[in-house]
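So the chains spell out like this:
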Amino acid sequence: EAGVTQFPSHSVIEKGQTVTLRCDPISGHDNLYWYRRVMGKEIKFLLHFVKESKQDESGMPNNRFLAERTGGTYSTLKVQPAELEDSGVYFCASSQRGEQFFGPGTRLTVL
Amino acid sequence: AQSVTQPDIHITVSEGASLELRCNYSYGATPYLFWYVQSPGQGLQLLLKYFSGDTLVQGIKGFEAEFKRSQSSFNLRKPSVHWSDAAEYFCALSNGGYQKVTFGIGTKLQVIP
């Protein structure tokens, strides 16, 4: 069974540009989570989907971040426009019975 | 607010030596506690978890952790470290179920020959 996959693995963009990160959860997992780790800091929760609905988006930093999960399968996280402080590693996780399985992360660098 | 503290950012141990990674938490009740490991280029892998019951929890790769309520601690241990254990280790907690996970800052483990 394939694990959680994320694309791209790395992204380097300039301040003001737009970037879209993608997460493919484990097949059949209704719960999907986004987390972010800024360099030198803890991994922080961003939001939680149950199927296509946002269950908890309390961790989203501001309205430059837009997460979607159309059809309840894969999810995208768009940052528009990107700022320097958005640099970090973005993790996705999915779960079906409580335990969260994490993807390898997308390393985003904003120059 | 709930939080997790990992006081050691970097730890270096010799291969074959024992290991203990410290973790303290702040939470109103008994949380669900986890240890994750991230090897380079890999995702976060769950080593072990504590929900209730026996306070000594066995995990994968020969790791164990002990929950101590009186000390609000959940330290990770391994009796003999292998070079392949070099990675970053995260202590974490949640309210349970499908709730978000709160992570500590992580401890990078270096293993020397």
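Please refer to the structure higher up on the page.
Residues numbered from 1 in each chain as written. Chains lettered and ligands numbered in written order. Predicted model: local features only at pLDDT ≥ 70, side-chain atom pairs only at ≥ 80, totals over all residues. Heavy atoms only, no water.

Draft legend 1. Structural detail: the state of the cysteines. All names here are of chain A. For the coordinates displayed, the defined rule picks out two disulfides over all chains. Each disulfide pairs two cysteine sulfurs, and for Cys 23 the partner residue is Cys 92, the sulfurs being separated by 1.8 Å. In this structure, the disulfide formed by Cys 23 and Cys 92 twists by about -65° around the S-S bond and is classed as left-handed. Taken together, the residues span a long stretch of sequence, with Cys 23 in strand β3 (residues 19–24) and Cys 92 in strand β9 (residues 88–95) at a distance of 69 residues. (Disulfide = S-S within 2.5 Å. Helix = DSSP H or I, 4+ residues; strand = E, 2+ residues; numbered from the N terminus.)

Draft legend 2. Representation of the sheet that holds strand β7 (residues 65–68) of chain A within the structure. Residues and elements named next belong to chain A. Strand order across the open sheet formed by four strands is β1-β3-β8-β7, with antiparallel pairing between neighbours. Here the strands that pair on one side only, and so sit at the sheet edges, are β1 (5–7) and β7. In this sheet, adjacent strand axes meet at a mean angle of 15° when their direction is disregarded. By the bridge criterion, three bridges tie β1 to β3 in an arrangement that is antiparallel. The residue of β3 that forms the bridge with Gln 6 is Cys 23. (Pairing = 2+ DSSP bridges. Axes fitted to C-alpha atoms, helices over the stretch in contact; angles between N-to-C directions.)

Draft legend 3. Local environment of the side chain of Gln6(B). Looking at the element boundaries, Gln6(B) is found in the loop between β1 (3–5) and β2 (10–14). With near-sequence residues (within four places) excluded, Gln6(B) lies in contact with Arg22(B), Trp35(B), Tyr89(B), Phe90(B), Cys91(B), Gly104(B), Ile105(B), Gly106(B) and Thr107(B). (Contact = heavy atoms within 4.5 Å.)

Draft legend 4. Local environment of the interface of chain A and chain B. Each partner contributes to the interface: chain A provides 22 residues, whereas chain B provides 18 residues. Together chain A and chain B conceal approximately 1600 Å² of surface at their shared face, both sides included; 55% is due to carbon and sulfur atoms. On the chain A side of the contact with chain B, Arg37(A), Ile43(A) and Phe102(A) bury the most area, a combined 32% of that side's loss. For the interface between chain A and chain B, the tally reads two salt bridges. For the salt bridge of Lys49(B) with Glu99(A), the shortest nitrogen-to-oxygen distance reads 3.5 Å. Contributions of two or more residues to the side of chain A that touches chain B are made by β4 (31–37), β5 (43–50) and β9 of chain A. (Buried area = accessible area lost by both parts, 1.4 Å probe. Salt bridge = Lys/Arg side-chain N within 4 Å of Asp/Glu carboxyl O.)

Draft legend 5. Examining the nonpolar core more closely. With 26 residues, the main nonpolar core has Leu19(B), Trp35(B), Leu47(B), Leu48(B), Phe74(B), Leu76(B) and Tyr89(B) as its most contacted residues. Residue assignment for this core shows that the elements contributing at least two residues are β2, β3 (19–21), β5 (32–38), β6 (44–50), β8 (64–68), β9 (73–78), β10 (87–94) and β12 (107–112) of chain B. Of the residues forming this core, the biggest block, four residues, is contributed by β10(B). Of all hydrophobic cores here, the second largest spans 21 residues; its members include Ile13(A), Leu21(A), Cys23(A) and Val110(A). (Core = buried A, V, L, I, M, F, W, Y, C linked by side-chain atoms within 4.5 Å. Buried < 20%, exposed > 50% of the residue type's maximum accessible area, 1.4 Å probe, protein only.)

Draft legend 6. Molecular detail of the pattern of salt bridges. Residue and element names in this part refer to chain B. In the structure shown here, the tally under the stated rule is 11 salt bridges over all chains. The salt bridge involving Glu 64 is made with Arg 77; its shortest N-O contact spans 3.2 Å. With Glu 64 in strand β8 and Arg 77 in strand β9, this pair connects stretches of sequence that are 13 residues apart. What makes Arg 77 partly exposed here is its relative accessible area of 23%. For Glu 66, the salt bridge is made with Arg 77, and the minimal N-O distance between the two is 3.2 Å.

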